Every structure is written in structure tokens, then in C-alpha cells.
Amino acid sequence: FFLSVLGGLGIKMQRAVELALEVPPLPGGHPNCTGLGYGADLEPFTPEAKALEAIGYRALACRGFDNPIFDVVEPYGERMGEFLKVLILAGLVLYFITSSDSGSYVDDTLSAGGMLHPPFIQRIYWAVTEGACACALLVGGKDQALRGLRAVSICSGFPYTIMICFMCTALWRAVKW
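Reading guide: rules and limits
- Residues numbered from 1 in each chain as written.
- Predicted model: local features only at pLDDT ≥ 70, side-chain atom pairs only at ≥ 80, totals over all residues.
- Heavy atoms only, no water.
- Disulfide = S-S within 2.5 Å.
- Buried < 20%, exposed > 50% of the residue type's maximum accessible area, 1.4 Å probe, protein only.
- Phe/Tyr/Trp six-rings, centres within 6.5 Å; stacked < 30°, edge-to-face > 60°.
- Salt bridge = Lys/Arg side-chain N within 4 Å of Asp/Glu carboxyl O.
- Helix = DSSP H or I, 4+ residues; strand = E, 2+ residues; numbered from the N terminus.

K.L.:
Could you clarify how one ought to interpret the state of the cysteines in this entry?
P.N.:
Disulfide: a covalent bond formed between the sulfur atoms of two cysteine residues. Counting across every chain of the model gives one disulfide. You can see Cys133 has no disulfide; the closest cysteine sulfur is in Cys135, sitting 9.5 Å from it. Judged by relative accessible area, which is 45%, Cys133 ranks as partly exposed. Cys168 carries a free sulfur, and the closest cysteine sulfur to it, the one in Cys165, is 6.5 Å from it. Overall, Cys168 belongs to the partly exposed group, its relative accessible area being 48%.

K.L.:
Which parts of the structure should I look at to understand the packing of aromatic side chains?
P.N.:
Aromatic ring pairs are defined here through the distance separating the ring centres and the angle between the ring planes. If you walk through the whole model with that rule in mind, you get two aromatic pairs. Plain terms: the ring middles of Tyr125 and Trp126 are 5.3 Å apart, the flat faces sit at 70° to each other, and that makes the pair edge-to-face.

K.L.:
Looking at this model, I keep getting lost on the pattern of salt bridges. Mind explaining?
P.N.:
A pair can form between side chains of opposite charge whenever their charged atoms are brought close. All chains considered together, the criterion is met by nine salt bridges. A salt bridge links Arg63 to Glu53; the nearest nitrogen and oxygen atoms lie 3.9 Å apart. Of the two residues, Arg63 sits in the loop between helix 2 (47–54) and helix 3 (68–72) while Glu53 sits in helix 2, which places them ten residues apart along the sequence. Among the ionic pairs, Arg63 bridges to Asp71, the shortest N-O distance being 2.7 Å. Each member of the pair, Arg63 as well as Asp71, is classed as buried. In this structure, a network of salt bridges that share partners links the residues Glu43, Glu53, Arg58, Arg63 and Asp71.

Structure below.
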């Protein structure tokens with residue numbers, strides 16, 4: 001739900017900027033960043049694009065990958081924008097903490113021979129080990145590590161996408177009869 005709402009708002013913001021500046025996308029659906037007034041430094045350079053940025057609207061596809069999630073909440077005003085940013089950060093922190101805890105529990109259960117309630121200190125060991133490995137990857141690889149992680153997650157998710165397409169077709173056929 002969280003990503004669906006913010007993703008929809010991001011698409012709406014991109015489309016609003018394209019319509020306000022009357023710049024259609026390039027063939028293939030790629031954004032026309034130069035036509036939208038964004039330079040190589042990912043910042044607006046035309047007066048029209050700067051005016052839209054002043055009221056909180058940015059061409060998200062022409063900006064970097066650093067903080068588009070925070071750019072999406074800018075049009076909601078300063079106070080509401082700050083509240084939404086805090087809410088976003090809290091949601092992301094909770095997401096990563098629960099994901100790490102689940103991974104630690106699985107590793108702990110496997111290393112304890114399948115015990116449903118393995119020793120608590122062992123679970124802490126796995127959580128610290130996973131955190132240390134993640135930090136080492138990020139510090140050692142810098143931006144390349146994140147790009148590699150993104151590529152691996154897309155490649156590993158692709159077979160599941162195909163499987164889900166077949167499952168949807170099977171469900172549709174089952175419901176049809």
C-alpha cells in the first residue's frame with residue numbers, strides 16, 4: 001500500500017510537469033529531460049522548470065535516484081511535507097528492521113537444527129552478522145554495490161513474474177468454469 005500510493009503520486013507529479021511544460025515524452029516513453037528544462041546536473045535550468053520546482057513539482061524521471069520519494073511529498077506544503085517525510089522514514093526503518101529480524105530468525109532456526117525456539121543469543125549473533133555483512137558491502141562497493149544489488153533483485157524476481165503470469169491465467173481459467 002505504502003509504495004503503491006507514493007508510486008502513484010510520483011507518476012502523477014511527472015505527468016503534471018510534462019503537461020504544464022507541454023513537453024511530450026520521447027519515443028519509447030523516455031522523458032525529454034532537456035525539453036523539460038533539466039540539465040546534466042539533474043537540476044532545472046529554465047525559468048518554467050524553476051517555477052514549477054518552487055511550488056514543489058519536479059520532473060522525477062529527470063532527477064537522480066537519491067531522493068525521489070521525498071520529492072513526491074513536496075507539493076503538500078512545508079508542515080505536511082515534513083510530517084510525511086518523517087512517516088516515510090519511520091516506515092522504511094520498520095520495514096528494514098522487520099525484514100532483518102525475519103532473516104535472522106530463519107538463519108537462526110536453520111543453524112539450530114530446526115528448533116522453533118532457538119537460543120536468543122544465537123539470534124542476536126545472526127542479526128549482528130547480517131548487519132556487518134550489509135555494512136561491509138555498502139562501504140566496500142559504494143554506489144556499485146547498490147547498482148549490483150538492484151540488478152540481482154530484478155534478475156531473481158523475473159522468473160517469479162513469469163510464474164505469477166501463469167498462475168493468474170490458471171486462476172482465470174478456474175474461475176471461468
